[in-house]
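These are the residues of each chain, in order.
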Amino acid sequence: MTKSKWALDAAHSSVDFSVRHMMIANVKGSFNSFNATIEADPTDLTTASIEFAIETSSVDTRNQDRDGHLVSADFFDAPNHPNMTFKATNIEKTDDGEYNVTGDLTLRGVTKQETFAVTFEGTGKDPWGNEKAGFSATGSINRSDYGLVWNAALETGGVLVGDKVKINLQIQAAKA
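Reading the values: the criteria
Counting starts from 1 at the beginning of each chain's written sequence and moves along it residue by residue. Predicted model: local features are reported for residues with pLDDT of at least 70 only, side-chain atom pairs are reported and counted for 80 or more only, and whole-chain, interface and lining totals are derived from all residues. Only hydrogens and water are set aside when side-chain values are computed; all heavy atoms of the structure are taken into account. Two strands pair under a simple rule: DSSP has to find at least two bridges between them. A run of H or I in DSSP becomes a helix once it reaches four residues, and a run of E becomes a strand once it reaches two; helices and strands are each numbered from the N terminus. Criterion for a salt bridge: a side-chain nitrogen of Lys or Arg within 4 Å of a carboxyl oxygen of Asp or Glu. Buried residues are those whose accessible area, probed at 1.4 Å on protein chains only, stays under 20% of the maximum for their type, while exposed residues exceed 50% and partly exposed ones sit between those limits. Centres within 6.5 Å make a pair out of two Phe, Tyr or Trp rings, where for Trp the six-membered ring is used; the pair is then stacked when the planes are under 30 degrees apart, edge-to-face when over 60, and tilted otherwise. In this description, contact between two residues means that some pair of their heavy atoms is separated by no more than 4.5 Å. Put simply, buried Ala, Val, Leu, Ile, Met, Phe, Trp, Tyr and Cys residues joined by side-chain atoms within 4.5 Å make one nonpolar core.

1. Side note on the pairing of strand S2 (residues 14-21)
Examined bridge by bridge, S2 and strand S11 (residues 161-175) share seven bridges and lie antiparallel to one another. Its bridge partner being in S11, Phe17 is matched across the sheet by Ile167. Of the strand pairs in this sheet, S2 and strand S3 (residues 25-31) are connected by seven bridges, and their pairing is antiparallel. Note on S3: the bridge partner recorded for Phe17 is Gly29. The hairpin formed by S2 and S3 contains three residues between the paired strands, and Met22 there has a positive phi angle of roughly 60 degrees.

Structure representation (structure tokens):
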């Protein structure tokens, strides 16, 4: 394949995360509004151009009170920082269809370099003849690196919200 533009198929994609809660369980959530600009040969991502944007106010943990707290100044501060962005700066092939994608992640006005493990899941044509490509990505960030430091001490020791946030993306894109 040659390098082509790909449009994110948000209806068949997801951006999910999990974080430790009370040091005994994991709470999961998603972002419902996101977009990507991708120019790539999906069979060789080493020359790809990838940019991703997530609307922080679209956070969904299936708990309205928690979601309201997450978009507040204690966490995402969505009114002042409506988007979290990622722009790839280096892509390294690690195995057949496997890559380390490093880039600049900006959250709450802070930019740090992060690396995500990306897998090319394959290509195919949908029933209408549109060429699709699938990718998955995993990684983790420390929320405190981005100024998300709100927490509460627990009576038994430890804290209410863990620092490490695990991220999981499932992406389907259509050749533009």
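2. Some words on the pattern of salt bridges
Enumeration over the complete set of coordinates arrives at four salt bridges. Here Asp9 ties to Lys132 by a salt bridge, and the two come within 2.8 Å at their closest N and O atoms. Of this pair, Asp9 sits in the loop between strand S1 (4-8) and S2 while Lys132 sits in strand S10 (residues 131-142), placing them 123 residues apart in sequence. Exposure remark for Lys132: the relative accessible area of 15% places this residue in the buried category. Taking the shortest distance from any N to any O, the salt bridge between Glu131 and Lys175 comes out at 3.7 Å. In this pair, Glu131 is assigned in strand S10 and Lys175 in strand S11, connecting sequence segments 44 residues apart. Among the residues examined, Lys175 registers a relative accessible area of 38% and is labelled partly exposed. Among the charged side chains, a network of salt bridges with common partners joins Asp9, Asp126 and Lys132.

3. Focus: the packing of aromatic side chains
For the coordinates displayed, the defined rule picks out six aromatic pairs. Ring centres of Phe75 and Trp150 lie 5.6 Å apart, and the angle between their planes is 55 degrees; this geometry places the pair in the tilted category. Taken together, the positions of Phe75 in the loop between helix H1 (64-71) and strand S7 (83-95) and Trp150 in the loop between S10 and S11 put the pair 75 residues apart, joining distant regions of the chain. A relative accessible area of 6% means that Phe75 is categorised as buried. Looking at Trp150, the relative accessible area reads 28%, which means it is partly exposed. Ring geometry for Phe86 against Phe116: centres 5.4 Å apart, planes inclined by 85 degrees, an arrangement best described as edge-to-face. Separated by 30 residues along the polypeptide, Phe86 in strand S7 and Phe116 in strand S9 (residues 110-125) bring together distant segments of the chain. With respect to burial, Phe86 and Phe116 carry one shared label: buried.

4. With respect to the environment of Glu55
Along the chain, the position of Glu55 falls in strand S5 (residues 44-55). Put simply, Glu55 and Phe76 are 21 residues apart on the chain and 10 Å apart in space, counted from C-alpha to C-alpha. Once residues within four sequence positions are removed from consideration, Glu55 is found in contact with Phe31, Ser33, Pro82 and Asn83.

5. Examining the nonpolar core
Counting residues in each nonpolar core, the largest one holds 42 residues, and the members touching the most others are Phe31, Leu45, Phe52, Phe76 and Ile91. Dropping the residues within four chain positions of it, Phe76 is found in contact with Phe31, Thr56, Val59, Leu70, Val71, His81, Met84, Leu107, Arg108 and Leu148.

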